[in-house]
Amino acid sequence: MAHATVAQLTAWLAHSAIAAPADNEAGRLLERASVTVDRATVAAIYAVNDQNDPTDDKVRQAFVDATCAQVEWWLVTGDEYGQTAGLHHVTQGSANISGRFPRLAPRARDILVTAGLGAAVAVGP
């Protein structure tokens, strides 16, 4: 289940120059973004109810806002699948390391860190 609704995403995007996607596309993006936020907070500790939803209003709102920020970032970058966002190449002497690491949107990361969920937030550079 998505952390944010289509209405919440539409309201979030209303403060930017980005057009909200159609409802079915918005719903799909919110589901994917929720998984990304869940992955970023997998080791975070916070109180939940019987449905595993956060009980603290600040934490609950952070999940909503981070999910909307993640969708916004994908709409801006056009890189929902992380094809270019997490590409890294490091050279040290004769060693070359390349890899692709999925990234959490910088604004989503900031929202989660501010809410106290940042200890487990793994992001690219």
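Look above for the structure.
These lines cover the structure that appears in this document, whether it is placed above or below. Model, not experiment: these values are computed from the prediction.

We now examine the packing of helix 2 (residues 23-40) against helix 3 (residues 57-77). The contact between helix 2 and helix 3 brings their axes to 9 Å, and the two run at 115°. Crossing of helix 2 against helix 3: the hand is right-handed. Side by side, helix 2 and helix 3 meet where Leu 29, Leu 30, Arg 32, Ala 33, Ser 34, Thr 36, Val 37 and Asp 38 of the first sit next to Phe 63, Ala 66, Thr 67, Gln 70, Val 71, Trp 74 and Leu 75 of the second. Tallied by class, residues from the contact of helix 2 with helix 3 come to 9 nonpolar, 4 polar and 2 charged.

All right, on to the nonpolar core then. Leu 9, Leu 112 and Leu 117 are the most contacted members of the largest nonpolar core, which totals 29 residues. Of all the secondary structure elements, the ones that give two or more residues to this core are helix 1 (6-13), helix 2, helix 3 and helix 4 (106-114). Here this core takes 10 residues from helix 3, the largest share from any one element.

Residue placement: Ser 34 occurs in helix 2. A polar atom in the side chain of Ser 34 sits 2.8 Å from the backbone nitrogen of His 3. If we ignore the near neighbours within four places in the chain, the residues touching Ser 34 are Met 1, Ala 2, His 3 and Thr 67.

Turning to helix 4, its buried residues are Ala 108, Ile 111 and Leu 112. Burial along helix 4 is one-sided: seen end-on, the buried residues are contained in an arc of 95°. Of the residues trailing helix 4, Gly 116 is marked for its positive phi of about 85°.

Conventions and cut-offs
Residues numbered from 1 in each chain as written. Predicted model: local features only at pLDDT ≥ 70, side-chain atom pairs only at ≥ 80, totals over all residues. Heavy atoms only, no water. Axes fitted to C-alpha atoms, helices over the stretch in contact; angles between N-to-C directions. Helix = DSSP H or I, 4+ residues; strand = E, 2+ residues; numbered from the N terminus. Left-handed = near helix turned anticlockwise from the far one by under 90°. Contact = heavy atoms within 4.5 Å. Nonpolar A, V, L, I, M, F, W, Y, C, P; charged D, E, K, R; others polar. Core = buried A, V, L, I, M, F, W, Y, C linked by side-chain atoms within 4.5 Å. Buried < 20%, exposed > 50% of the residue type's maximum accessible area, 1.4 Å probe, protein only. Polar contact = N/O pair within 3.5 Å; in protein donor to acceptor, adjacent residues only side chain to side chain. Arc of directions from axis to C-beta.

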